[in-house]
2 protein chains.
Amino acid sequence: MARLPEFDRTQVVEAALQVFWQDGYTSSTIQKLLRAMDLNRGSLYAAFGDKEHLFREVLDQYVDHMQHILQPTLIGEADPLRAIRSFLERVTVQETTETKKLGCLLFNTISELAHTNPPLAQEATRRVQILRNLFIDRLTQARQQNRIRTDKSVGELADYLVALAAGLRMHCKMHAIDDELQKIIDVGLDSLQPTATAH
Amino acid sequence: MARLPEFDRTQVVEAALQVFWQDGYTSSTIQKLLRAMDLNRGSLYAAFGDKEHLFREVLDQYVDHMQHILQPTLIGEADPLRAIRSFLERVTVQETTETKKLGCLLFNTISELAHTNPPLAQEATRRVQILRNLFIDRLTQARQQNRIRTDKSVGELADYLVALAAGLRMHCKMHAIDDELQKIIDVGLDSLQPTATAH
């Protein structure tokens, strides 16, 4: 049985992640991936199966990276509302111009593949649920402190926050102007307030 | 000088629009486009120049189609706040499942090309400004009626509404569940309220 060449799996997945993130799923040809990962076709298929399986592993690694953003903000910040705000600011106003244009790999994937490759779009959606669940945790805490509106469930408010995050990411791609982004966050978070209940 | 074959320009652009909308800009190869448009390569280049120029014409035609959605809602609805709401509902809860998954061609283009083809992403962004300007018109009217918050400019609130629309479109691609979409609209529009000003 042929031995597989030794390589650092995290490192080659990272190389693939950069290709997928920059070019999108469909444009990331096997040839581009092989070059970036410095692997031959046989090693790639032996190690990862096909492109779709490689992409799933890329999505997992992307979520791992997100922990570095989530831990000090949405997860680690003591105040639940400040936690939500600091996460939204971290992925927008505090992002580099380059990353603002790249956007979020999960939302990019959903945007690109919802119609043409629903199973892979679903893989990305499943990982967005991690974010939604973290929003739910902090909203639940904020509700216990009587600091958010009570006419909508925390799940519904979490759906809204995911949509707000996606909209902010889109705005980053259109206009990466920090003052505009900050205003959208300010306005958007007012929707959580206990006073904002009348129609 | 060779005569160009006769064809209905709107009709062939429509065929190209469907390809670009379904597959995205990069995946829409010239070969796919020619097949859909029922043209040969020479006629395509003679009539439209290159793929980028064809795409600009496709974006214009897409904006023309949007008029059918904008006229009875954001533009034509007498009440300015109802106008905003009815537009957001029209492009989400009232959309077909197919179109929910396809999303908005302008946002799709920005998501796909902001990093790899900034000039074309900018073309799409410029057309999103049409929507932003319509939001500004109706927000200005709502402000005259003292029905929206005064601590943010109508331009800032319009930016927020564009982000909300983009976020809703993303939610359509993740979960096309009307009740969830309606709740996001309800929560999101509360941010416009005069009462939602404290931080």
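Not measured: the values here are computed from a predicted model.

Caption draft 1: Region of the structure containing helix H3 (residues 41–48) of chain B. All names here are of chain B. Residues Ser43, Leu44, Ala47 and Phe48 constitute the buried set of H3. Summarising the axial view, the buried residues of H3 lie within an arc of 100°, below the 170-degree limit, and thus occupy one face. Each element contacted by the buried residues of H3 is listed here: helix H1 (9–23), helix H2 (30–37) and helix H4 (51–75). The backbone nitrogen of Gly42 lies 3.1 Å from a side-chain oxygen of the residue at the head of H3, namely Asn40. Gly49 lies just past H3 and shows a positive phi near 75°.

Caption draft 2: Summary view of the confidence of the model for chain A. Mean pLDDT over chain A works out to 94, with 94% of the residues at or above the 70 mark. With pTM at 0.94, the complex prediction returns an ipTM value of 0.94.

Caption draft 3: Focus on the nonpolar core. If you look at the biggest cluster of nonpolar residues, it comprises 140 residues, and the most contacted ones within it are Phe135(A) and Phe135(B). When near neighbours in sequence (up to four residues on either side) are disregarded, Phe135(B) contacts Leu74(B), Ile84(B), Phe87(B), Leu88(B), Ala158(B), Leu161(B) and Val162(B).

Caption draft 4: Focus on the relation of the copies chain B and chain A. Expressed as a screw transformation, the operator carrying chain B onto chain A has a rotation angle of 180° and an axial translation of 0.0 Å, and the superposed copies differ by an RMSD of 0.0 Å. In short, the pair behaves as if placed about a two-fold rotation axis. Comparing interface residues between copies, 100% of those in chain B also sit at the interface in chain A, which points to an isologous, same-surface contact.

Caption draft 5: Spotlight on the interface of chain B and chain A. Each side of the interface is counted separately: chain B has 48 residues, and chain A has 48 residues. Note on chain B versus chain A: buried area summed over both sides is about 4100 Å², and carbon and sulfur give 63% of it. When the area that chain B buries against chain A is broken down by residue, the three leading residues are His115(B), Met174(B) and Val187(B), summing to 15%. The closest approach of N and O atoms between Lys183(B) and Glu156(A), which form a salt bridge, is 3.0 Å. Our count for the contact surface shared by chain B and chain A stands at 13 residue pairs in polar contact (both at pLDDT 80 or more). Of all the secondary-structure elements, those providing two or more residues to the side of chain B that touches chain A are H1, helix H6 (97–102), helix H7 (105–113), helix H8 (118–144), helix H9 (154–174) and helix H10 (178–190) of chain B. Counted by class, the side of chain B that touches chain A contains 18 nonpolar, 17 polar and 13 charged residues.

Caption draft 6: Structural view of the state of the cysteines. Residues and elements named next belong to chain A. The final tally for this structure, using the stated rule, is 0 disulfides over all chains. The thiol of Cys172 is unpaired, and the distance to the nearest cysteine sulfur, on Cys104, comes to 11 Å. On the basis of relative accessibility, which here comes to 1%, the residue Cys172 falls in the buried class.

Caption draft 7: View of the packing of aromatic side chains. All names here are of chain A. Tallied over the full model, the rule gives 10 aromatic pairs over all chains. Between the aromatic rings of Trp21 and Tyr62, the centroid separation amounts to 5.4 Å while the plane-to-plane angle is 75°, which identifies the pairing as edge-to-face. With Trp21 in helix H1 (residues 9–23) and Tyr62 in helix H4 (residues 51–75), the pair connects residues that are 41 residues apart, well separated along the chain. We classify Tyr62 as buried; its relative accessible area is 3%. Their ring planes at 65° and their centres at 4.9 Å tell us that Tyr25 and Phe55 sit as a pair that is edge-to-face. Of this pair, Tyr25 sits in the loop between H1 and helix H2 (30–37) while Phe55 sits in helix H4, and the two are 30 residues apart along the sequence. As far as burial versus exposure is concerned, Tyr25 and Phe55 are alike and both buried.

Caption draft 8: Layout of the side chain of Lys173(A). By the secondary structure assignment, Lys173(A) is in helix H9 (residues 154–174). No salt bridge is formed by the buried Lys173(A); its nearest oppositely charged neighbour, Glu112(A), is found at 9.3 Å. Within the structure, Lys173(A) has its side chain in polar contact with the backbone oxygen of Leu102(A) (distance 3.2 Å). With residues near it in sequence (within four places) discarded, Lys173(A) still touches Lys100(A), Lys101(A), Leu102(A), Gly103(A), Asn108(A), Ile110(B), Ser111(B) and Ala114(B).

Caption draft 9: Local environment of the pattern of salt bridges. Applying the stated criterion to the full structure yields 36 salt bridges over all chains. Here Arg149(A) ties to Asp190(B) by a salt bridge, and the two come within 2.6 Å at their closest N and O atoms. One end of the pair, Arg149(A), is in the loop between helix H8 (118–144) and H9; the other, Asp190(B), is in helix H10, on a second chain. By the burial criterion, Arg149(A) is buried, and Asp190(B) matches it. Counted as one network, the salt bridges with shared partners bring together Arg56(A), Asp60(A), Glu123(A), Arg126(A) and Arg127(A).

Caption draft 10: Spatial organisation of the environment of Asn40(A). Residue and element names in this part refer to chain A. With respect to the helices, strands and loops of the structure, Asn40 is situated in the loop between H2 and helix H3 (41–48). Taking the C-alpha atoms as reference points, Asn40 and Gln22, separated by 18 residues in sequence, lie 21 Å from one another. Within the structure, the side chain of Asn40 is placed 3.2 Å from the backbone nitrogen of Gly42, a separation counted as a polar contact. Engagement of the side chain of Asn40 in a polar contact is seen with the backbone nitrogen of Ser43, the distance being 2.8 Å.

Caption draft 11: Structural view of unusual backbone geometry. Not every positive phi belongs to a glycine, and Asp38(A) is a case in point at roughly 55°. By the secondary structure assignment, Asp38(A) is in the loop between H2 and H3.

Caption draft 12: Spatial organisation of the environment of Gly167(B). With respect to the secondary-structure elements, Gly167(B) resides in helix H9. Distance from Gly167(B) to Val63(B), taken between C-alpha atoms, is 19 Å for residues 104 residues apart in sequence.

Caption draft 13: Seen up close, the environment of Thr116(A). With respect to the secondary-structure elements, Thr116(A) resides in the loop between helix H7 (105–113) and H8. Separated by 90 residues in the primary sequence, Thr116(A) and Thr26(A) place their C-alpha atoms 9.9 Å from one another. Discounting residues that sit within four places of it in the chain, Thr116(A) has contacts with Gln22(B) and Asp23(B).

Rules used in this analysis
Residues numbered from 1 in each chain as written. Chains lettered and ligands numbered in written order. Predicted model: local features only at pLDDT ≥ 70, side-chain atom pairs only at ≥ 80, totals over all residues. Heavy atoms only, no water. Buried < 20%, exposed > 50% of the residue type's maximum accessible area, 1.4 Å probe, protein only. Helix = DSSP H or I, 4+ residues; strand = E, 2+ residues; numbered from the N terminus. Arc of directions from axis to C-beta. Contact = heavy atoms within 4.5 Å. Polar contact = N/O pair within 3.5 Å; in protein donor to acceptor, adjacent residues only side chain to side chain. pLDDT = per-residue confidence, 0-100. Core = buried A, V, L, I, M, F, W, Y, C linked by side-chain atoms within 4.5 Å. Least-squares fit on C-alpha atoms with pLDDT ≥ 70 in both. Buried area = accessible area lost by both parts, 1.4 Å probe. Salt bridge = Lys/Arg side-chain N within 4 Å of Asp/Glu carboxyl O. Nonpolar A, V, L, I, M, F, W, Y, C, P; charged D, E, K, R; others polar. Disulfide = S-S within 2.5 Å. Phe/Tyr/Trp six-rings, centres within 6.5 Å; stacked < 30°, edge-to-face > 60°. Lys, Arg positive; Asp, Glu negative; His and termini not counted.

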